[in-house]
Amino acid sequence: MRVGVDEQVETDTLNVVSLFGGMNLGQELVINDPLSDLLTEGELLEDELLEKIEFKVRSVVDENQFPDQAMFVLDQQLISLKASLKRISFYMDDVEDLLPR
């Protein structure tokens, strides 16, 4: 038994846009542009991220400081440098493990 063409094809044209004109002018057509939505969302996120960034004021040794103050500042910088070097060394060990020999 052969089924008619009308029974095989869905006739719901809700999500169909005509390629060659002939659109139904009586229906209001709303098209969401995903690219513009993504760009708008990205601009909002960028503004939020820029507001949250806080910069530390670095303390620098000055010749007008007392020796105790200068030594304290230099000691803090040395501690920070050692911590940074340990972190870099840790990451370099991971990179060495990933590289083929």
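Please refer to the structure placed before this passage.
Note that the structure is predicted; figures quoted are calculated from it, not measured.

Rules used throughout
- Residues numbered from 1 in each chain as written.
- Predicted model: local features only at pLDDT ≥ 70, side-chain atom pairs only at ≥ 80, totals over all residues.
- Heavy atoms only, no water.
- Helix = DSSP H or I, 4+ residues; strand = E, 2+ residues; numbered from the N terminus.
- Buried < 20%, exposed > 50% of the residue type's maximum accessible area, 1.4 Å probe, protein only.
- Areas by Shrake-Rupley, 256 points an atom, 1.4 Å probe, with all protein chains shown as cover.
- Patch = residues over 30% accessible without salt bridge, like charges linked within 9 Å, V, L, I, M, F, W, Y side chains within 5 Å.
- Salt bridge = Lys/Arg side-chain N within 4 Å of Asp/Glu carboxyl O.
- Contact = heavy atoms within 4.5 Å.
- Lys, Arg positive; Asp, Glu negative; His and termini not counted.
- Charge placed at Lys NZ, Arg CZ, Asp CG, Glu CD.

Participant: Could you clarify how one ought to interpret the overall build of the protein in this entry?
Facilitator: When helices and strands are tallied, the protein shows 3 helices and 0 strands. Scanning the protein from its N terminus toward the C terminus, one meets helices and strands in the order α-α-α. Counting only residues that meet the buried cut, the protein has 2% of its 101 residues in that class. Of the accessible surface of the protein, which amounts to about 10900 Å², a share of 58% is contributed by carbon and sulfur atoms.

Participant: It is not clear to me how a nonpolar patch on the surface should be interpreted in this structure. Could you clarify?
Facilitator: Taken together, the side chains of Leu78, Leu81, Leu85, Ile88 and Met92 define a hydrophobic patch exposed on the protein surface, amounting to about 480 Å² of accessible area. Its place among the elements puts Ile88 in helix 3 (residues 67-98).

Participant: Explanation requested: the environment of Val61 in the structure shown.
Facilitator: Topologically, Val61 is positioned in the loop between helix 2 (34-52) and helix 3. By relative accessible area, which is 31% here, Val61 ends up partly exposed. Residues Val61 and Met71, spaced 10 residues apart in sequence, show a C-alpha to C-alpha distance of 8.4 Å. Those residues in contact with Val61 that sit more than four places away from it in its chain are Ala70, Val73 and Leu74.

Participant: I would appreciate a short explanation of a negative patch on the surface in the present structure.
Facilitator: Taken together, Asp93, Asp94, Glu96 and Asp97 make up a surface patch of like negative charges. Within the element layout of this structure, Asp94 appears in helix 3.

Participant: Quick question: what am I supposed to make of the environment of Gln77 here?
Facilitator: Topologically, Gln77 is positioned in helix 3. The spatial distance from the C-alpha of Gln77 to the C-alpha of Arg58 is 9.3 Å, given a sequence separation of 19 residues. Contact partners of Gln77, with chain neighbours within four places excluded, come to Ser59 and Val60.

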